[in-house]
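Structural features, examined
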Amino acid sequence: MSVIAPVLIVLLTVVGMELFAWFAHKYIMHGWGWGWHRSHHEPPGSPERRGWFEKNDLYAVVFASIAIVLIALGTAGRYPLQWIGAGMTAYGFLYFVAHDGLVHQRWPFRYVPRRGYLKRLYQAHLMHHAVRGREGCVSFGFLFAPPVARLKRQLRERHGGPLASEDAATATPDAGPASRRET
């Protein structure tokens, strides 16, 4: 068997996971699954966001469990499930690096991007958190970030004007700790 097919399956699964994650984030996490996701939108230090983990991390446990089952089924002879599970795992790793590490800085080191794709991803997710609660949010993807100008326009349309945290999310970060706030 050619190595090209498994690589394509993994890459297509990563792309598919971003599409699924957008849908799940918008309609499940901000819908009937808000009970778990609410913790992620609470301010740091609140009862739902103390310690290493928050209730929202249960979503990662669910998706990792599905990936593990797919890998096990695939290695037991149900091709190509192992490669779909591997793609889900790769997406989970990218999510962990971009979302938990870069944007929410749940790691011991801090990095605030100053230009390019990572800056746009960072700002887009902060703008997602510019709204208190689950209604009226923008930017539901985790690895794809719409243009910041479009997100600002959407926030203004949904809320009748700019939000104070919207401007903070798109300001050029400085080197001080205030620019590294967790949202």
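Because the structure is a prediction, the values reported are computed rather than measured.

Criteria and cut-off values
Residues numbered from 1 in each chain as written. Predicted model: local features only at pLDDT ≥ 70, side-chain atom pairs only at ≥ 80, totals over all residues. Heavy atoms only, no water. Helix = DSSP H or I, 4+ residues; strand = E, 2+ residues; numbered from the N terminus. Expected span 1.5 Å × (residues − 1). Buried < 20%, exposed > 50% of the residue type's maximum accessible area, 1.4 Å probe, protein only. Arc of directions from axis to C-beta. Contact = heavy atoms within 4.5 Å. Axes fitted to C-alpha atoms, helices over the stretch in contact; angles between N-to-C directions. Parallel < 35°, antiparallel > 145°, perpendicular 65-115°, else oblique. Nonpolar A, V, L, I, M, F, W, Y, C, P; charged D, E, K, R; others polar. Core = buried A, V, L, I, M, F, W, Y, C linked by side-chain atoms within 4.5 Å. Salt bridge = Lys/Arg side-chain N within 4 Å of Asp/Glu carboxyl O. Left-handed = near helix turned anticlockwise from the far one by under 90°. Phe/Tyr/Trp six-rings, centres within 6.5 Å; stacked < 30°, edge-to-face > 60°.

Let's talk about helix α3 (residues 58-75)
For α3, spanning 18 residues, the distance from its first C-alpha to its last is 26 Å, which sits close to the expected 26 Å at 1.5 Å a residue. Turning to α3, its buried residues number three or more, namely Tyr59, Ala67, Leu70 and Gly74. Viewed end-on, α3 has its buried residues packed into an arc of 65 degrees, placing them on one side of the element. In α3, the exposed positions angled more than 90 degrees off the buried face are occupied by Ile68 and Thr75. On its buried face, α3 sits against α1 (4-32), α2 (34-41) and α4 (81-103).

Structural notes on the packing of helix α5 (residues 116-128) against helix α6 (residues 148-159)
As a packed pair, α5 and α6 sit with axes 10 Å apart at the nearest point and diverge in direction by 10 degrees. When the axis of α5 is compared with that of α6, the two are roughly parallel. Here α5 contributes Arg120, Gln123, Ala124 and Met127 to the contact with α6, which in turn contributes Val148, Leu151, Lys152 and Leu155. Along the lines of polarity and charge, the residues of the contact of α5 with α6 split into five nonpolar, one polar and two charged.

As for the nonpolar core
Counting residues in each nonpolar core, the largest one holds 24 residues, and the members touching the most others are Tyr91, Met127 and Leu155. At the level of elements, α1, α3, α4, α5 and α6 are the ones that each hand at least two residues to this core. For this core, the element with the highest residue contribution is α4, accounting for four residues. Listed in part, the five residues of the second largest apolar core include Leu102, Val103, Val112 and Leu126.

Overview of the pattern of salt bridges
Taken as a whole and judged by the stated rule, the model has four salt bridges. Residues Asp100 and Arg106 are paired through a salt bridge, measuring 3.7 Å at the closest nitrogen-oxygen approach. Note on Arg106: relative accessible area 22%, which makes it partly exposed. Linked by salt bridges that have partners in common, Asp57, Asp100 and Arg106 make up one network.

Overview of the packing of α3 against α4
Relative to each other, α3 and α4 sit at 155 degrees, their axes nearing to 6 Å. By the angle between their axes, α3 is roughly antiparallel relative to α4. Crossing geometry of α3 relative to α4 is assigned as left-handed. In this structure, α3 uses Phe63, Ile66, Ala67, Leu70, Ile71, Leu73, Gly74 and Thr75 to contact α4, whose residues at the interface are Leu81, Gln82, Ile84, Gly85, Ala86, Met88 and Thr89. Among the residues making up the contact of α3 with α4, the classes are represented as ten nonpolar, five polar and no charged.

What to know about the packing of aromatic side chains
Applying the stated rule across the entire model yields six aromatic pairs. Between the aromatic rings of Trp36 and Tyr59, the centroid separation amounts to 5.1 Å while the plane-to-plane angle is 70 degrees, which identifies the pairing as edge-to-face. One end of the pair, Trp36, is in helix α2; the other, Tyr59, is in helix α3, and 23 residues separate them in sequence. Centroid distance Phe96 to Trp107: 5.4 Å. Interplanar angle 40 degrees. Geometry classified as tilted. Of this pair, Phe96 sits in helix α4 while Trp107 is found in the loop between α4 and α5, placing the two residues eleven residues apart along the sequence. Residue Phe96 is classed as partly exposed on the basis of its relative accessible area, which comes to 40%. Pairwise contacts between aromatic rings join Trp22, Phe23 and Tyr27 into one cluster.

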